[in-house]
Amino acid sequence: CANNYLGLSANEHLKETAKKAIDKYGYGLSSVRFICGTQKPHKILEQKLSNFLQTEDVILYPSCFDANGGLFETILSKEDAVFSDELNHASIIDGIRLSKAEKNRYRHADMEHLEELLKNSNARLKLIATDGVFSMDGVVAPLKDIVVLAKKYDAMIMVDDCHATGFLGNEGKGSADYHNVLNDIDIVTSTFGKALGGASGGFVCASKEIIETLRQKSRPYLFSNSLAPPLVAACIKVFDIIQNDYSYKKRLEKNTLYFREKIKEHGFDIKGFDHPIVPIMIYDEKKAIKMSEELLKKNIYVIAFSSPVVARGEARIRVQISADHTQEQLDYALHAFHGVGTELNII
């Protein structure tokens, strides 16, 4: 149930890189970025990210929650409007609440509703905000359609790609890469806490003007300690790995396809198509909790999600596949799901 998509959180190369960084730079810098918390590795990592995601500039944050929390109030005013998918992550919702912009929420992935809202807005600047991948469903946002509407109504697009950066798309560059609209997205926020090493830290990728504004005015950036040197050094190493070795991505794709096909063959209902988030729908909240408890007894660690995290009647077990999973482990998990599902009359 971890977000360790590429299996890098215990990678030996990353651990060794982090150890060396501690010896060279120390455990922490005891400062925010604009005082003495910016060291050479921070600038290298920002450049690596900028090159990887093909954006003009990048700014680092303690987490993506902080990145989203510091984005909207910094770049939007009361003359502007933001249009947010109703299933967006809590950090997007909280970030939007902090801004003075007009707030609009469109029905999940409903392009007709989004167009209606855009058409009726007279805002100076319009910003569409969406998760790249919706984490409860494992579904990729319809970015191609969003790009069409953004161009039609002269709007900008912000994507939170926490569950996509590093592995989704032809080159692992995220949901925009997946939809071949990489150059049409204005702002991307994401994390190092999932596929990119699994530790912590977040970032915003955008134009130089937006990033410079964030550096000057974004409160979570200005008033939070700089990312620790071992974390930064290891994140730099992550890009050296994933840009030169596609085997991690290929193993993840193979494992995801295998598990998705087999779990359906066992009679379970799942959501999504090809993302390693696999929501196994139980629907009944008590059964979902019981199932997770019984699976843990069989050494399968998964978590039940129920209301209010998901809609009432949509209870599920969320499985997240990793490149590190072996065929034997996946088969063991599938066998355990079948056994418990049968015992609880779910299948």
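Up top is the structure.
Cut-offs and rules
- Residues numbered from 1 in each chain as written.
- Predicted model: local features only at pLDDT ≥ 70, side-chain atom pairs only at ≥ 80, totals over all residues.
- Heavy atoms only, no water.
- Pairing = 2+ DSSP bridges.
- Helix = DSSP H or I, 4+ residues; strand = E, 2+ residues; numbered from the N terminus.
- Contact = heavy atoms within 4.5 Å.
- Axes fitted to C-alpha atoms, helices over the stretch in contact; angles between N-to-C directions.
- Parallel < 35°, antiparallel > 145°, perpendicular 65-115°, else oblique.
- Nonpolar A, V, L, I, M, F, W, Y, C, P; charged D, E, K, R; others polar.
- Core = buried A, V, L, I, M, F, W, Y, C linked by side-chain atoms within 4.5 Å.
- Buried < 20%, exposed > 50% of the residue type's maximum accessible area, 1.4 Å probe, protein only.
- Salt bridge = Lys/Arg side-chain N within 4 Å of Asp/Glu carboxyl O.
- Phe/Tyr/Trp six-rings, centres within 6.5 Å; stacked < 30°, edge-to-face > 60°.
- Lys NZ or Arg CZ within 6 Å of the ring centre and 35° of its normal.
- Patch = residues over 30% accessible without salt bridge, like charges linked within 9 Å, V, L, I, M, F, W, Y side chains within 5 Å.
- Areas by Shrake-Rupley, 256 points an atom, 1.4 Å probe, with all protein chains shown as cover.
- Arc of directions from axis to C-beta.

Novice: Give me the lowdown on the sheet that holds strand β12 (residues 303-305), citing residues and values where you can.
Specialist: Strand order in this open sheet of four strands is β10-β11-β13-β12, and the pairing throughout is antiparallel. Edge strands, defined here as strands with exactly one partner in the open sheet, are β10 (269-270) and β12. Looking at chain direction, β10 and strand β11 (residues 277-283) are connected through two bridges and run antiparallel. Counted as the bridge partner of I270 is I280 from β11. Contacts between helix α13 (residues 285-297) and the sheet are confined to β11, β12 and β13 (315-320), with β13 contributing the most and set at about 35° to the helix.

Novice: Could you give an account of the packing of helix α4 (residues 64-75) against helix α9 (residues 208-217), naming the residues involved and the relevant values?
Specialist: Taken N-terminus to C-terminus, the directions of α4 and α9 make an angle of 105°; their axes are 10 Å apart at the nearest point. Relative to α9, the element α4 lies roughly perpendicular. Of the residues in α9, those in contact with G70, L71, T74 and I75 of α4 are I210, T213, L214 and K217. Looking at side-chain class alone, the contact of α4 with α9 contains four nonpolar, three polar and one charged residues.

Novice: Let's hear about the nonpolar core: which residues, and what values?
Specialist: Judged by nonpolar contacts, the single largest core of 81 residues is most densely connected at F192, F259, I280 and F337. By residue number, the principal contributor to this core is helix α11 (residues 229-242), which donates eight residues. Excluding anything up to four places from it in sequence, F337 contacts I263, F268, I280, M291, L295, I300, V302, I317 and V319. If you look at the next biggest cluster of nonpolar residues, it comprises 22 residues, including F72, V82, I96 and A101.

Novice: If you had to explain the pattern of salt bridges to someone new, which residues and values would you point to?
Specialist: Per the stated rule, a full pass over the model turns up 19 salt bridges. Residue K48 is joined to D240 by a salt bridge in which the shortest nitrogen-to-oxygen separation is 2.5 Å. Of this pair, K48 sits in helix α3 (residues 40-53) while D240 sits in helix α11, and the two are 192 residues apart along the sequence. Given a relative accessible area of 22%, K48 falls into the partly exposed group. Between R124 and D80 there is a salt bridge; the shortest N-O distance is 2.9 Å. Of this pair, R124 sits in the loop between α6 (111-119) and β4 (126-131) while D80 sits in the loop between α4 and β2 (81-85); the two residues are 44 residues apart in sequence, bridging distant segments of the chain.

Novice: Could you give me a rundown of the packing of aromatic side chains, with the residues and numbers involved?
Specialist: Considering all chains together, one arrives at five aromatic pairs under this definition. Ring geometry for Y61 and Y221: centres 6.0 Å apart, planes at 65°, overall edge-to-face. Of this pair, Y61 sits in strand β1 (residues 57-61) while Y221 sits in helix α10 (residues 219-222), and the two are 160 residues apart along the sequence. Residue Y221 is classed as buried on the basis of its relative accessible area of 7%. Lying across the ring of F52, K173 places its NZ or CZ 5.8 Å from the centre.

Novice: How would you explain the environment of L182 if you had to name every residue and give the values?
Specialist: Relative to the elements of secondary structure, L182 occurs in the loop between α8 (175-178) and β8 (187-191). Residue classification places L182 among the buried residues on the basis of a relative accessible area of 19%. Residues L182 and Q54, 128 residues apart in the sequence, show an inter-C-alpha distance of 7.9 Å. With near-sequence residues (within four places) excluded, L182 lies in contact with L53, Q54, K173, A176 and D177.

Novice: Break down a nonpolar patch on the surface for me, citing the residues and quoting the values.
Specialist: Nonpolar side chains collect at one region of the surface, where L296, Y301 and I303 lie side by side and expose about 310 Å² of accessible area between them. Here L296 is to be found in helix α13. Taking the relative accessible area as the measure of exposure, L296 reaches 48% and is therefore partly exposed.

Novice: I'd like a description of the environment of C36, backed by residues and values.
Specialist: Structurally, C36 can be placed in helix α2 (residues 33-37). Put simply, C36 and Y61 are 25 residues apart on the chain and 15 Å apart in space, counted from C-alpha to C-alpha.

Novice: Report on the pairing of β8, specifying residues and quantitative values.
Specialist: β8 sits mainly inside the fold: five of its five residues count as buried. The alternating pattern of β8 places I187, T189 and T191 and V188 and S190 on opposite faces, both of which are buried. Looking at chain direction, strand β7 (residues 155-160) and β8 are connected through three bridges and run parallel. Considered in β8, the bridge of V159 is made with V188. Summarising the sheet, β8 and strand β9 (residues 202-206) pair through four bridges and their orientation is antiparallel. Among the inter-strand pairings, T191 is bridged to a residue of β9, identified as G202.

Novice: Outline helix α7 (residues 143-152), supporting the account with residue identities and numerical values.
Specialist: Residues that lie three or four places apart on an α-helix share one face, since the helix turns once every 3.6 residues. Every buried residue belonging to α7 is among L143, I146, V147, L149 and A150, and all of these are buried. What you see down the axis of α7 is that its buried residues fit within an arc of 165°, all on one side. For α7, exposure combined with an orientation more than 90 degrees from the buried face picks out V148, K151 and K152. The inward-facing, buried residues of α7 abut β3 (102-106), α6, β4, β7 and α8. Of the residues trailing α7, D154 is marked for its positive phi of about 55°.

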